[in-house]
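A closer look at the structure
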Amino acid sequence: MKFRLLGAVAADGADGELRLGPEKRRSLLALLLLRRNRAVSVAQLTEALWVDEPPANARTVVQSHISRLRALLAEAGADRHGVGLTTAGDAYTLCLPEGLLDVEQFDALVAAARTEQRSTEVVGALEHALGLWRGPALTGTVPSAPLEAWRQTLEENRLAAVETLADHLQRLGEPARAAELLRAETVAHPLRESLVSALMLALFRAGRQSDAITWYHRTRESLADRLGVDPGRALNAAYERILRGEGAAAAAAGADHAAGADHAGGADHAGGPADTTGPAAVPVGVPGIPVQRGRLRPTAPGPVAPAPTPVLSSAKAPERAAAELPAVDLLPRPPRGFYGRGAELAALGDALSTGPDGAIALVTGPAGVGKTALALDWAHRHGHRFPDGVLFADLGGFSDRPDRELGDVLAEFLAALGTAHEDLPPTLAGRAALYRRATTGRRLLVLVDNARESEQVRPLLPAGADSAALVTSRHRMLGLVASELARPVPLSVLGPEESSALLARVLGPARIAAEPEAARELADLCDGLPLALRIAAAKAAADPRRGLAAVTEQLRHEQRRLNHLAAEEISVTSALRISCEQLPPTAARLFRALGLHPGPMVDAYTAAALADLEHPDAAQALEQLAATHLVTETDAEQYTLHDLVWLYARQLAAETSRAEQRTARARLADQYLYAGLAAAQCAEPGSKPCCEPPAGSHRPRAVPEFTTIGDALHWIGAHRETLAEVIATATPERTWRLVLTQWPLILRRVRDGWVPQLQLALEAAVEAGDLDGESQVRALLGWVLVSNRRLHEAAACLAPAAELAARADNQVGRAIALINLAAVHSELADHAAAGAGLAQALEIALAADHPHTTALALLNLARHHLGTGRPRPALDHALHGLALSTGTHSDPRRVLLHTTAGEALSALGRHPEARARLGAALAEAEQVGHDEATAEVLRALARAEDAAGHGHAAAAHRLRADLLSPV
């Protein structure tokens, strides 16, 4: 067995992870593990299990969790591993042999590192130790004072190990690796001065002195703003060492290395090049200087006049050979390792086929998807189509540096086209006008990279009808599409095959062939994002001895995946951070809140709940996130987050206070609760609501509207997976209610694996002390168990349900519990008990004056009489039930009532009436769209046709039934 506290609290047995259940049981196990082999009193456990004043039945709740935990350990065969949970008086002891708890393993590895003399051994031990962490310690436990104290202690131990590891990495001459490690931790702990000072020195030794000084001033300002204090001795000492230039040789070497790396490409190049060949590298405005590729060709002095040669249409212009240089070429070098994107390159070619007004293509997509690489590859392939040259400008709209001034870009373009420096107009408007004149009559390609908004692009568009512009942006830039007729070319992540091929381009086919499974997993963990794939490949290429499996192992840990997807100044996190920093305040607030959503699929209702927004504001914010490619619209008002984007949102959400996180999750749970109640009411019109929201719940500002039974059932089914995640972290008062809201779907898909979730709901109802909730959950769980042929479990579950409902004064719930218990008696051939229970249920339903439940009791009584050879009362009860039904033809109970009546008529020898009644049942079953019910009606029809002597018709009905539900 293995127990884990460094991340989510978990326990692993021989058959996989144990289902520990609700938050309080995980918290109880965590405290017993932290105080392993020592007695822990009920009072200590109580203090750890409740943040506020514990309830009067706290001891009972603790004992219940102890009992369930003991049963879980027994089922997992814990005793075979020496694990046992013992009781001594008013205390409990978890007996745990050494080596089974990750905290112990971490402490042992850190202790071993302290005794090592060689830094290489220290680094190995500490990397192994830190690899045991799967997220914040004690995740999924109650934020009580004792557990919070333990959490802080464990986190302090982890940070100390990180600082030691970074120190030894620097001793090994790897300050860049140390800086990468420390940067992520410093962002998470910005006021921990020891971390900041270590990061500053690592950056300095890696040749990044300005970054190191920036971190000092940033931290100094944060300390003053948040705490009102000055930097401490360690931080000031690191700052002074940097200013004095201590370790200058190492810094210079690091600077040379960093300078070389700077030209490897920015985030949006997906590993492509930065612009290193622009005209700023040569004097401008000096005529007659011969310039090679990437520089100016000889030109006459003075302003450029329109070309004297006739304007040629693109159809008649002679193509130049690809090897011939264009008149002007400001393109950076082609992207290295570019692969695939055949469809997108073809779309660009189509979009940039110049027409009567020129052509504009707009490449859009999320950060790191390779927009720049695609644009550069196309431009290098097809630049010969534009004999007057290719202009390029990176506007820097999505980088840490300020946006480029349009006046400077226009000056660069005009200089490349032959304008002398002294002839440049001083104003932006003057330069734009001169640029329009200079490009009229020419055939140019203008590539504008990293634009943020349409207004930045318009002055840079060439005026020539035979020219084309290629623009890249993370924004949709709908204004450019609308006003300039730009043709969008959206760029999405790579598929699995393209991802593997990109890795092979960087690492070589042999590396991929040697570890095919690791390569596939690596591509999957990067989720097809070219930037992430290139960084992962770079790490594997930097140390071939480690192998792809080692890089994959690093990325497996969700909490640290983004930290590992960084290579010096290039990282997925920085690319996403810049996108987020440019969001409007409401959209930024929503994006951070989306990190608390348990799944990557969201809609405007759940978004509004998480961020505490009005529904229209949430819908608008989602649109803004979609425009920035931080979310993707998949359906009407349905959005999804790319896996790495979702991880980044979760990092941002984790920076908010625990109180804010709890409140947001409670709002989300209540959003699903109110929406679920509305869906259940629409799916089962006439039924009594399964529950009322708990006291203190947050009434949503808006919930989805359901107009048909199909819409309601579709919503419940579509949100089932996400709802299960919400339920797992909800309070007990919300847990059982959230499970029960799914009851219309549960009844229709009764064999669809609902038992574990219903058992969780039962535990929550018991813990909350809600008698009505416990009764209803038992009734529903019992019915599911009956349908899954787990009869003895069903009987034990249902036995107390009716009495609990009576004590809660829920007569409808009492009747339903009796009906479900009667089903168990019937299956166990105790027909007398079944009949008595159904008669009592009918009496209670009639007294409660609840037609829906009365019809249900009549249906079950009719089935009971039919099964015991009494077709006359069966027919009477079925017809009475149909008279009481709501009249809707989408109610599966009506199908069963019609079927029962038809079978009773057949048993009475009234065959024409039986066929007519069963035909009505078949029509309603097909309208409901319930294949299992339709198959049952067809089998009943087959039996009726057999009884009437119509064998051929019976065979046809059986064949249809078998096709619907083959077994």
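Residues numbered from 1 in each chain as written. Predicted model: local features only at pLDDT ≥ 70, side-chain atom pairs only at ≥ 80, totals over all residues. Heavy atoms only, no water.

1. Digging into the overall build of the protein chain
Along the backbone of the protein chain there are 45 helices and 16 strands. With 967 residues in all, the protein chain has 52% of them scored as buried. On the protein chain, roughly 41,400 Å² of surface is accessible, and the fraction owed to carbon and sulfur atoms is 54%. (Helix = DSSP H or I, 4+ residues; strand = E, 2+ residues; numbered from the N terminus. Buried < 20%, exposed > 50% of the residue type's maximum accessible area, 1.4 Å probe, protein only. Areas by Shrake-Rupley, 256 points an atom, 1.4 Å probe, with all protein chains shown as cover.)

2. Observations regarding the pairing of strand β10 (residues 468-473)
β10 sits mainly inside the fold: six of its six residues count as buried. Judged by which residues are buried, β10 turns out to be covered on both faces: Ala468, Leu470 and Thr472 on one side and Ala469, Val471 and Ser473 on the other are all buried. One ladder, built from six bridges, connects strand β7 (residues 359-364) with β10; its direction is parallel. Looking at the pairing, alanine 361 lines up with leucine 470 of β10. For strand β9 (residues 445-449) and β10, the ladder comprises four bridges, and the chain directions are parallel. Note on β10: the bridge partner recorded for valine 446 is alanine 469. (Pairing = 2+ DSSP bridges.)

3. Comments concerning the packing of helix α1 (residues 23-34) against helix α3 (residues 58-75)
As a packed pair, α1 and α3 sit with axes 10 Å apart at the nearest point and diverge in direction by 75°. In terms of orientation, α1 lies roughly perpendicular with respect to α3. Only Val62, His65, Ile66, Arg68, Leu69 and Leu72 of α3 make contact with α1, whose side of the interface consists of Lys24, Arg25, Leu28, Leu29 and Leu32. Grouping the constituent residues of the contact of α1 with α3 by class yields seven nonpolar, one polar and three charged. (Axes fitted to C-alpha atoms, helices over the stretch in contact; angles between N-to-C directions. Parallel < 35°, antiparallel > 145°, perpendicular 65-115°, else oblique. Contact = heavy atoms within 4.5 Å. Nonpolar A, V, L, I, M, F, W, Y, C, P; charged D, E, K, R; others polar.)

4. Observations concerning the pairing of strand β5 (residues 84-88)
The pairing of β5 with strand β6 (residues 91-95) spans five bridges and is antiparallel. Bridge pairing in β6 links threonine 87 to tyrosine 92. Connecting the antiparallel pair β5 and β6 is a turn made up of two residues, with glycine 89 showing a positive phi of about 65°.

5. Thoughts on the sheet that holds β10
Strand pairing in a sheet relies on backbone hydrogen bonds, with the paired strands running either antiparallel or parallel. The parallel open sheet is built from five strands, whose spatial order is β8-β9-β10-β7-β11. Bordering the open sheet on either side are β8 (390-394) and β11 (487-490), each of which pairs with just one other strand. Strand-to-strand twist of the sheet, defined as the mean angle between neighbouring strand axes without regard to direction, takes the value 15°. Where helix α12 (residues 342-351) meets the sheet, its contacts fall on β7, β10 and β11, and the angle it forms with β11 comes to roughly 175°.

6. So, the nonpolar core
Membership of the largest hydrophobic core comes to 170 residues, with the highest contact counts inside it found for Leu470, Phe591 and Leu625. The element contributing the most residues to this core is helix α29 (residues 658-683), with eleven residues. Sequence-distant contacts of phenylalanine 591, that is, excluding residues within four places in its chain, are made with Cys580, Leu583, Leu625, Leu630, Leu641, Val645, Tyr648, Ala649 and Leu652. Residues Ala11, Leu130, Leu147 and Val162 belong to the second largest nonpolar core, which totals 81 residues. (Core = buried A, V, L, I, M, F, W, Y, C linked by side-chain atoms within 4.5 Å.)

7. Quick look at helix α40 (residues 851-867)
A rise of 1.5 Å per residue sets the reference length of α40, with its 17 residues, at 24 Å; its end C-alpha atoms lie 24 Å apart and thus fit the reference within 8%. Of all 17 residues making up α40, 13 are buried, and the element is well covered by its neighbours. Looking one or two residues past α40, glycine 869 carries a phi angle of roughly 80°, positive in sign. (Expected span 1.5 Å × (residues − 1).)

8. Topic: the environment of glycine 495
Looking at the element boundaries, glycine 495 is found in the loop between β11 and α18 (496-507). What makes glycine 495 partly exposed here is its relative accessible area of 26%. As for glycine 495 and glycine 528, which are separated by 33 residues in sequence, their C-alpha atoms are 6.0 Å apart.

9. Some thoughts on the packing of aromatic side chains
This model, assessed by the stated rule, comprises six aromatic pairs. Taken together, a centroid distance of 5.8 Å and an interplanar angle of 80° make the contact between phenylalanine 106 and tryptophan 133 edge-to-face. A residue pair is termed long-range when its members are at least 10 positions apart, and phenylalanine 106 in helix α4 (residues 102-115) and tryptophan 133 in the loop between α5 (119-130) and α6 (145-171) qualify at 27 residues. In terms of burial, phenylalanine 106 and tryptophan 133 fall into one category: buried. Arranged with centres 6.2 Å apart and planes meeting at 40°, the rings of tyrosine 672 and tryptophan 715 form a pair that is tilted. Linking tyrosine 672 in helix α29 with tryptophan 715 in helix α30 (residues 709-718), this pair joins segments that are 43 residues apart in sequence. The same class applies to tyrosine 672 as to tryptophan 715, namely buried. Of the aromatic side chains, those joined through ring pairs into one cluster are Tyr672, Phe706 and Trp715. Note that arginine 218 overlies the ring of tryptophan 215, its terminal NZ or CZ placed 4.3 Å from the centroid. (Phe/Tyr/Trp six-rings, centres within 6.5 Å; stacked < 30°, edge-to-face > 60°. Lys NZ or Arg CZ within 6 Å of the ring centre and 35° of its normal.)

10. Some details on the pattern of salt bridges
Per the stated rule, a full pass over the model turns up 42 salt bridges. Across the pair aspartate 167 and arginine 171 runs a salt bridge whose closest N-O atoms are separated by 2.8 Å. With aspartate 167 and arginine 171 both in helix α6 and four residues apart, the pair spans about one turn of that helix. Looking at arginine 171, the relative accessible area reads 57%, which means it is exposed. In this structure, a network of salt bridges that share partners links the residues Arg25, Arg68, Glu75 and Glu763. (Salt bridge = Lys/Arg side-chain N within 4 Å of Asp/Glu carboxyl O.)

11. Some thoughts on the sheet that holds strand β2 (residues 10-13)
Across the sheet, three strands lie side by side as β1-β2-β3; this open sheet has antiparallel pairing. Of all strands in the sheet, those with a lone pairing partner are β1 (2-4) and β3 (16-17), marking the two edges. Relative to β2, β1 runs antiparallel, the two sharing three bridges. Within β2, the residue paired with phenylalanine 3 across the bridge is alanine 11.

12. Quick word on the confidence of the model for the protein chain
Mean pLDDT over the protein chain works out to 82, with 87% of the residues at or above the 70 mark. Note on residues 247-326: pLDDT is under 50 here. Beyond four places in sequence and across chains, it has 143 contacts. (pLDDT = per-residue confidence, 0-100.)

13. Considerations on the environment of serine 41
Counting through the fold element by element, serine 41 comes out in strand β4 (residues 40-41). Accessibility expressed as a relative area gives 22% for serine 41, which makes it partly exposed.

14. Remarks on the environment of histidine 831
Mapped onto the secondary structure, histidine 831 falls in helix α39 (residues 831-848). Since its relative accessible area comes to 36%, histidine 831 is described here as partly exposed. Taking C-alpha positions, histidine 831 is 9.6 Å from histidine 865, a pair spaced 34 residues apart along the chain. Other than its neighbours up to four places away in sequence, histidine 831 contacts Ser826, His864 and Thr868.

15. Here we look at unusual backbone geometry
Although it is not a glycine, aspartate 809 adopts a positive phi angle of roughly 60°. By the element assignment, aspartate 809 lies in the loop between α37 (801-807) and α38 (811-827). In this structure aspartate 809 comes out as exposed when scored by relative accessible area, which is 61%. Residues other than glycine seldom take positive phi values, yet alanine 829 does so here, at roughly 65°.

16. Here's the deal with helix α9 (residues 209-227)
Between its first and last C-alpha atoms α9 spans 27 Å; for 19 residues at 1.5 Å apiece the expected length is 27 Å, and the two agree. Regarding α9, the residues found buried are Ala212, Ile213, Trp215, Tyr216, Thr219, Ser222 and Leu223.

17. Comments concerning the packing of α1 against α6
Across the interface, α1 lies against α6 with an axial gap of 11 Å and an inter-helix angle of 55°. By the angle between their directions, the pair α1 and α6 is classed as oblique. Handedness of the crossing formed by α1 with α6: left-handed. Contacts between α1 and α6 involve Ser27, Leu31 and Leu34 from the first element and Leu147, Trp150 and Leu154 from the second. Taken together, the residues of the contact of α1 with α6 break down into five nonpolar, one polar and no charged. (Left-handed = near helix turned anticlockwise from the far one by under 90°.)

18. Examining the side chain of arginine 737
Tracing the backbone through its elements, the reader meets arginine 737 in helix α32 (residues 732-740). Arginine 737 gets classed as buried once you look at its relative accessible area, which sits at 10%. Setting aside its immediate chain neighbours within four residues, arginine 737 contacts Leu673, Cys691, Glu692, Pro693, Pro694 and Asp770.

19. Remarks on the side chain of threonine 741
Among the secondary structure elements, threonine 741 is positioned in the loop between α32 and α33 (743-748). Beyond its immediate sequence surroundings of up to four residues, threonine 741 is in contact with Leu673, Gly676, Leu677, Ala680, Cys690 and Ile716.

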